[in-house]
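Descriptive structure summary
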Amino acid sequence: MVEEVKLPEISENVESGQVISVMTKVGDFVEKEQSLVELETDKAAFEVPSPLQGLITEITVKEGDTVNVGQTIAKIDTDVKKGEVPSPPKKDEESQTRLAPGPVPGVEEKEPAPAAKQTPPAPEPSKPAEPTPAAPSAGPVNAAPAIRQLARELGIDIHNVPPGASDGHISADDVKNYARSLITGAPAASAAPSQEVRPLPDFSVFGEVERKPITLTRKSIAAQLGYSWPLVPQVTQHDRADITDLEEFRAEYGPKVEKAGGKLTVTSILIKVIADALKQFPHFNASYDPATQELILKKYYHVAVAVDTERGLLVPVIRDVDKKDILELSVEVSKLAEKTRDKKVTPDDMQGGNFTISNLGGIGGVGFTPIVYWPQLAILGVSRAYKQPFYKDNMCYPRLLLPLSLSYDHRVIDGAQAARFTRYVAEALEKPFLLAMQERK
Ligand code: CAO
């Protein structure tokens, strides 16, 4: 009997996803739980497993298609048993065969998706031979979206990467070790082992517990930060800016910005200051390519802003900050934060940032160590401004200080550079008349 496989519920509030790759083809015998297609929603990529065992007779989606929950993605003949798979039909027999004859409407005949390939590509003669990976599998791959992205960027088929963990989970280190093994010719297994994933204790022996699946957004955050943290040796430089005068500037210009539909906040001012600092310190407006050992210096100034939402941390990007004034930026930040919290932000809105600002000052705190948002090289954490006495000529004046915490990739940024960068930002905030002049230009 031929049964339709429909796209199952993905997650709360997610009704559709885009097909990144089709992982099987007509005529394949699939096992239950074997991946059929790889799908991406606005925040995560994952594989859709087959609920049935049998022969694929039709695949009704192709790469790039948007598929809705409940939509048919494939048809499977469950009467066909393993080992009984009919050989591919000859052209003239096609109309009589029980397999879907010829190309499925809307589905291009093409090379099998990478996942279906059984052998790694032949090495180029000039390169060292690709070491045989430890049991590469054409089946499902247990790797987070950011890890798959890393593999794609390095030109590696994720299916060839030997998992370091006993549960088959592929980590960033596994991908990098494998890439290293391709370059050096040494087998991937000889590289530093990934950290073992140990099973959790049974907490229920201590008291009542509840297991709750995390959302796709949370999975994506976990993948991004879990990837960045072990990859980037990071240090945080702490400083503070005297923003007493800046507060007067905010009070003076705030109403003008409100009339324009925005809010003049520390964040919107900082975005402008950061664009200027990135121009002065181009190494902070860059990404590091370890494969070629080059810095990729960017000639555009896109600044990402961490936004706290119900779904968790999202990081939309304000583009071409250097070409916009503080008023425009304030309106844009207000709108983008609202759009992000209203779940209307698109994946495009979150792409292409060169540097991130994470302002937790509206909530509180005296300082924190933000995690560099790979492939960026630095992130500025901002905590709550506080008043401190300042003594001059035996007189005590209250000054408002803003704590700044710059985390940076120590592979390519030295501590002295980071201290200068942070000082530059602090001094820019301390001279609001320069900002005011910019506004009047
Ligand atoms: N110190 C003191 N007060 C601050 C402040 C700071 N560093 N930053 C903001 N505030 C104040 C604002 O002035 C505002 O006060 P009023 O309402 O009295 O004017 C209030 O806090 C709320 O600010 P806001 O959130 O509306 O605006 P913002 O531009 O400062 O921040 C945004 C925008 C999107 C950055 C912020 O709303 C947000 O989501 N922050 C959380 C970011 C986050 O989660 N980071 C963690 C990432 S993990 O590394």
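Chains are numbered independently. Their residues run from 1 in the order of the written sequence. Note on the predicted model: pLDDT of at least 70 is required for a residue's local features to be given, and 80 or more for side-chain atom pairs to be given and counted; whole-chain, interface and lining totals, by contrast, use all residues. In computing side-chain properties, one takes all heavy atoms of the structure into account and sets aside hydrogens as well as water.

Attention shifts here to the site of the ligand. It suffices for a single heavy atom of a residue to lie within 4 Å of a molecule or strand for the residue to be listed as near it. Taken together, 19 residues lie near the ligand, and T265, R341, S358, N359 and A385 sit nearest. Between the ligand and K263 there is a distance of 3.2 Å, counted from an oxygen atom to a side-chain nitrogen or oxygen. As used in this structure description, the phrase polar contact means that two N or O atoms lie within 3.5 Å; if the pair is within protein, one of them must be able to donate a hydrogen and the other to accept it, and residues adjacent in sequence are counted only when both atoms belong to side chains. At 2.5 Å, a side-chain N or O of T265 approaches an oxygen atom of the ligand. The accessible surface values rely on the Shrake-Rupley method and a 1.4 Å probe; as for residues, cover is taken only from the protein chains in view. When isolated, the ligand has an accessible area of 970 Å², and the protein chains bury 70% of it. Numbering of helices and strands starts at the N terminus; helices are DSSP runs of H or I of at least 4 residues and strands are runs of E of at least 2. When contributions to the shell around the ligand are tallied by element, the ones reaching two or more residues are β15 (307–309) and β18 (355–359). Each residue belonging to the shell around the ligand can be placed in one class, and the counts come to 7 nonpolar, 7 polar and 5 charged. Charged residues are taken to be Asp, Glu, Lys and Arg, nonpolar residues to be Ala, Val, Leu, Ile, Met, Phe, Trp, Tyr, Cys and Pro, and polar residues to be all remaining types, Gly included.

Time to look at helix α3 (residues 216–231). Compared with the 22 Å implied by 1.5 Å per residue over 16 residues, the 23 Å span of α3 between its first and last C-alpha is a close match. Those residues of α3 lying buried are L216, T217, S220, I221, A223, Q224, Y227, S228 and L231. Axial view of α3: buried residues confined to an arc of 160°, hence all on one face. The span expected for a helix works out to 1.5 Å for each residue beyond the first. For each residue, the accessible area found with a 1.4 Å probe, counting protein chains only, is set against the maximum for its type, and the residue is called buried under 20%, exposed over 50%, and partly exposed in between. Note that the arc is computed from the directions linking the helix axis to the C-beta atoms.

This part is about the environment of S358. Mapped onto the secondary structure, S358 falls in strand β18. Using a relative accessible area of 11% as the deciding quantity, one classes S358 as buried. Counting along the chain gives 13 residues from S358 to I371, while the straight-line C-alpha distance between them is 9.9 Å. Excluding its chain neighbours within four sequence positions, the residues that come into contact with S358 are A306, F368, I379, L380, G381 and V382. Residue contacts are defined here by distance: any two heavy atoms, one from each residue, within 4.5 Å place the two residues in contact.

Pairs of packed helices are described in terms of their axes, by the angle between the two and the distance that separates them. Note on geometry: axes are lines fitted to C-alpha atoms, helical ones only across the stretch in contact, with angles between N-to-C directions running from 0 to 180 degrees. The interhelical angle for the contact between helix α5 (residues 266–280) and helix α6 (residues 326–341), taken along N-to-C directions, is 125°, at an axis separation of 9 Å. Judged by the inter-axis angle, α5 sits oblique to α6. For the pair α5 and α6, the crossing hand works out as right-handed. Taken together, the residues of α6 that come into contact with α5 (itself represented by S268, I269, I271 and K272) are I326, L329, S330 and V333. Each angle is binned into one of four classes, with values under 35 degrees roughly parallel, values over 145 roughly antiparallel, values of 65 to 115 roughly perpendicular, and all other values oblique. Here is the rule for handedness: rotate from the far helix to the near one, and if that takes an anticlockwise turn smaller than a right angle the crossing is left-handed, while a clockwise turn gives right-handed.

Relative to the assigned elements, H302 resides in the loop between β13 (294–297) and β14 (303–305). For H302, a relative accessible area of 9% gives the class buried. Side-chain polar atoms of H302 contact the backbone nitrogen of D320, separated by 3.0 Å. Residues within four places of H302 in sequence aside, it is in contact with V317, I318, R319, D320, G352, G353, N354 and F355.

Quick look at a nonpolar patch on the surface now. Without a salt bridge and with relative accessible area above 30%, a residue can belong to a patch; like charges are then joined within 9 Å and nonpolar side chains (Val, Leu, Ile, Met, Phe, Trp, Tyr) within 5 Å. Salt bridges are defined by distance alone: a side-chain nitrogen of Lys or Arg within 4 Å of a carboxyl oxygen of Asp or Glu. Judged by side-chain polarity, L200, F203, V205, F206 and V209 come together as a nonpolar surface patch covering roughly 580 Å² of accessible area. When you line up the elements, F206 lands in the loop between α2 (172–184) and α3. Among the residues examined, F206 registers a relative accessible area of 69% and is labelled exposed.

Geometry of aromatic contacts follows a simple scheme: Phe, Tyr and Trp rings, the Trp one being its six-membered ring, pair when their centres are within 6.5 Å, and the pair is stacked under 30 degrees between planes, edge-to-face over 60, tilted otherwise. Following the criterion strictly, the structure yields 7 aromatic pairs and no others. Arranged with centres 6.0 Å apart and planes meeting at 85°, the rings of F281 and F284 form a pair that is edge-to-face. Overall, the relative accessible area of 18% leaves F281 in the buried class. When the ring of F281 is compared with that of Y424, the centres are 5.7 Å apart and the planes differ by 75°; the resulting orientation is edge-to-face. In this pair, F281 is assigned in the loop between α5 and β12 (286–289) and Y424 in helix α7 (residues 415–430), connecting sequence segments 143 residues apart. Residue Y424 is classed as partly exposed on the basis of its relative accessible area, which comes to 25%.

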